[in-house]
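Overview (structure and organization)
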Amino acid sequence: MGERVNKARNIVGKPLTLSEKILYSHLWDDLPSQPYKRGKDYVDFAPDRIALQDATAQMALLQFMQAGKPKVAVPTTTHCDHLIQAKQGAEKDLKRANDVSSEVFDFLESVSNKYGLGFWKPGAGIIHQVVLENYAFPGGMMIGTDSHTVNAGGLGMVAIGVGGADAVDVMAGMAWELKFPKLIGVRLTGNLSGWTAPKDVILKVAEILTVKGGTGAIVEYFGPGAISMSCTGKGTICNMGAEIGATTSTFGYDDSMERYLRATDREDVADAANKVKEHLTADPEVYANPEQYFDQVIDINLSELGPLLNGPFTPDLSTPVGKNMTEKASANEWPMKVEWGLIGSCTNSSYEDLSRAASIAQQALDKKLKTKAEFGINPGSEQVRYTAERDGILQVFEDLDATIFTNACGPCIGQWARYSDPKNAPKNSIVHSFNRNFAKRADGNPNTHAFVASPEITAAIAIAGRLDFNPLTDTLVNEEGQEVMLDEPTGWELPPKGFEVKDNGYLDPVEDGSGITIKVNPESERLELLTPFEPIGNEIKGARLLIKAFGKCTTDHISMAGPWLRFRGHLDNIANNTLIGAVNAFNKKTNFVKNQLTGEYGGVPDVQREYKKAGIKTIVVGDHNYGEGSSREHAAMQPRHLGVAAVIVKSFARIHETNLKKQGMLGLTFANEDDYDLIQEDDSFNFLDLNEFAPGKPLTIEAVHSDGNKDVFKVNHTYNDAQIEWFSEGSALNLIKKENA
Ligand code: MIC
Ligand code: SF4
């Protein structure tokens with residue numbers, strides 16, 4: 001690494017940030033003769049590892065199976081965590097998931113075994129915690145088919161969320177392409193204390209940068225405040241960096257990382273890291289004068305930062321706890337009563353998080369407080385759960401009647417069986433320490449107002465049962481009528497008696513998997529082998545408008561999770577949820593669009609299937625940050641499968657834009673944002689110069705309105721030569737197959 005970093009420094013011609021050191025030491029080709037232009041140049045990288053989770057692994061592996069390779073080219077693991085419903089608590093829920101989803105788990109297990117991937121069984125833990133505990137290492141580069149892969153930045157990695165098709169490139173032994181990121185530096189001064197936690201740092205950064213402010217950038221945290229924080233705390237900050245659209249976030253190697261590596265049985269990694277310490281953080285000049293090296297610098301004084309609550313419905317709407325919330329909630333009619341406090345998920349489920357939240361829960365018991373809301377806990381891994389149980393931490397929550405869910409995503413991804421009829425469920429507020437809080441995300445109820453907070457604040461607010469409770473100033477009345485206050489949280493960075501686990505849930509693949517055959521039942525409703533996409537071609541004439549999406553259109557709106565997760569391995573079945581959450585700009589309704597062939601209104605997938613039957617191509621139009629959120633490539637593959645030719649928006653979220661390209665579709669942005677307003681409900685579209693599709697050259701589109709009037713507008717794109725070839729071939733996978741044939 002030292003040699004590569006030194007050479008890179010010579011080429012860049014100045015001191016390097018940590019992000020640059022990791023990027024330049026993971027180039028696929030030799031070092032360039034000129035430094036890469038940030039935010040401009042496409043660069044081929046050679047990641048060290050790949051991580052897949054069950055809900056995205058199915059599609060990734062179905063694609064990999066077509067690539068014609070006997071084994072994955074780099075170390076890869078599959079983690080079963082998303083497909084486990086949270087209902088009655090860990091034991092029953094895990095058993096049910098194993099019954100209901102055995103077909104998918106068995107498929108993932110046998111494909112992993114055949115192609116040499118490590119396999120983490122259902123219940124073993126959530127991908128990102130398991131990766132942090134076992135695989136992440138300082139200075140490494142990893143990609144994963146989940147947007148929160150970025151969690152591993154807590155151990156000084158550059159870890160990036162991608163769609164399955166990107167992972168397939170690397171599994172197949174090819175380079176992985178990324179536009180060289182811009183760099184945002186966040187200088188943390190002061191110290192966290194009292195009720196303020198690492199979560200509040202990222203809640204604050206989300207407020208500053210908004211859900212799209214990090215797009216195309218790596219966020220590098222540094223300064224005395226960074227060094228004083230635990231490794232898992234750093235992981236929390238990096239994890240939720242996905243919510244600002246950042247490519248990833250990272251921290252320089254320090255003592256907290258060394259402590260974590262040693263505590264998780266990786267003395268060898270810690271020793272190796274110590275030998276190249278200076279290369280695992282930025283050069284000293286960079287942190288001394290960050291303005292000269294980063295594209296943007298943000299300062300946060302941790303000593304002045306207080307606890308925050310972000311939400312509802314978007315992770316960047318930030319409110320300090322207490323009276324600010326009283327005002328805001330009243331003005332916006334957010335329900336003040338809090339019904340659930342949920343702690344855990346892939347972020348904030350470390351031993352430290354659980355111990356600190358338990359210290360608050362313990363006070364409720366000691367001070368004879370009756371908790372007003374219900375508690376749900378999702379430990380991040382079996383190792384954390386086992387250790388927390390051994391140390392009495394889970395017992396504290398159980399004494400408060402908390403439900404301990406499986407070590408899995410559960411309530412975080414609509415896998416929370418909270419209501420029998422979520423669509424008609426009542427308006428309510430919940431607080432959780434998860435990452436995302438889009439509408440319907442947790443429980444399918446559009447009226448659930450979800451607020452994101454640290455585990456400590458989540459615990460305090462759940463006990464108080466009020467959204468505007470401020471534990472720093474407010475008292476609570478206990479069962480004996482006395483006024484009591486909650487003391488500041490306390491906890492352990494790492495378990496004093498060390499981590500322990502009986503069965504961590506890991507299965508090694510066999511050495512030679514060539515004899516293993518993968519069976520997919522043709523009758524299955526959950527798994528379907530893929531058929532290659534036909535190229536869309538250069539002749540897009542008379543394409544119809546499928547939907548003009550209004551406002552926020554995340555991947556949850558394009559391909560909802562929750563009940564639909566069961567079809568993640570069956571493209572045609574999951575296509576029945578395509579864009580059903582997107583708001584139609586013309587009537588502000590969801591899943592209600594005009595079928596231009598009949599003039600009647602219907603659901604988006606149904607109307608689209610009519611166009612497909614008639615052999616008519618369609619267009620989707622969208623607003624800013626279209627495709628925000630998840631890495632799920634289903635959000636691109638489904639429209640592609642149904643016959644959508646192009647998605648034209650004001651701006652894209654990074655992973656989704658790449659996913660569209662990979663699947664051989666057109667992802668375009670309005671050259672003039674206001675042209676979004678030109679698009680009318682009955683429009684059809686002619687692409688005037690698609691036969692001249694070339695890097696850097698805008699395309700011209702003619703919108704023909706129902707009165708015969710026409711508007712011609714320009715759209716931009718970011719396709720390079722190789723990506724244009726994906727479009728010509730029908731998909732990136734078609735190209736891989738051709739090259740391997
Ligand atoms: C999420 O948090 O939205 C998910 C579910 O983990 C997704 C992946 C998926 O949709 O399977 C993500 O963040 O990428
Ligand atoms: Fe799972 Fe939620 Fe984390 Fe996504 S954000 S990986 S759904 S726990």
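Basis of the calculations
- Residues numbered from 1 in each chain as written.
- Chains lettered and ligands numbered in written order.
- Predicted model: local features only at pLDDT ≥ 70, side-chain atom pairs only at ≥ 80, totals over all residues.
- Heavy atoms only, no water.
- Core = buried A, V, L, I, M, F, W, Y, C linked by side-chain atoms within 4.5 Å.
- Buried < 20%, exposed > 50% of the residue type's maximum accessible area, 1.4 Å probe, protein only.
- Contact = heavy atoms within 4.5 Å.
- Helix = DSSP H or I, 4+ residues; strand = E, 2+ residues; numbered from the N terminus.
- Pairing = 2+ DSSP bridges.
- Salt bridge = Lys/Arg side-chain N within 4 Å of Asp/Glu carboxyl O.
- Patch = residues over 30% accessible without salt bridge, like charges linked within 9 Å, V, L, I, M, F, W, Y side chains within 5 Å.
- Areas by Shrake-Rupley, 256 points an atom, 1.4 Å probe, with all protein chains shown as cover.
- Lys, Arg positive; Asp, Glu negative; His and termini not counted.
- Charge placed at Lys NZ, Arg CZ, Asp CG, Glu CD.

1. Side note on the nonpolar core
Counting 169 residues, the largest nonpolar core has L188, Y221 and F397 as the members making the most contacts within it. Residues contacting F397, with those up to four places away along its chain left out, are I343, L354, A357, A358, A361, I377, A402 and I404. Grouped together as the second largest cluster of nonpolar side chains are 49 residues, I547, A549, A585 and Y719 included.

2. Some remarks on the pairing of strand β6 (residues 158–161)
The alternating pattern of β6 places V158 and I160 on one face and A159 and G161 on the opposite face, and all of these are buried. Direction of pairing for strand β5 (residues 141–144) relative to β6: parallel, over a ladder of 4 bridges. Bridge pairing links M142 to A159 in β6.

3. Describing helix α23 (residues 654–662)
Within α23, 8 of the 9 residues are buried, leaving the element largely enclosed by the surrounding structure. For α23, the full list of buried residues reads R654, I655, H656, E657, N659, L660, K661 and K662.

4. Some remarks on unusual backbone geometry
Glycine aside, residues mostly have negative phi, and peptide bonds are mostly found in the trans state. At the junction of G311 and P312, the peptide bond is cis and its omega measures out at 0 degrees in the coordinates. Within the element layout of this structure, P312 appears in the loop between β12 (308–310) and β13 (318–320). Phi at E333 takes a positive value of approximately 60 degrees, unusual for a residue other than glycine. In this structure E333 comes out as exposed when scored by relative accessible area, which is 58%. Phi at K368 takes a positive value of approximately 55 degrees, unusual for a residue other than glycine. The topology assignment puts K368 in the loop between α15 (351–366) and β15 (374–378).

5. Section: the pattern of salt bridges
Under the counting rule described, the total for this entry stands at 43 salt bridges. Here K367 ties to D487 by a salt bridge, and the two come within 3.2 Å at their closest N and O atoms. Separated by 120 residues along the polypeptide, K367 in the loop between α15 and β15 and D487 in the loop between β20 (483–484) and β21 (506–507) bring together distant segments of the chain. The partner of K613 in a salt bridge is E610, with the nearest N and O atoms 3.7 Å apart. Within this pair, K613 and its partner E610 are both found in helix α21 (residues 604–613), separated by 3 residues, close to a single helical turn. Several salt bridges share partner residues, and in doing so they unite E258, R262, E267 and D271 into one network.

6. As for a negative patch on the surface
Judged by side-chain charge, E374, E398, D399 and D401 come together as a negatively charged surface patch. Within the secondary structure, D401 is located in the loop between α17 (393–399) and β16 (403–404). You can call D401 exposed: its relative accessible area is 68%.

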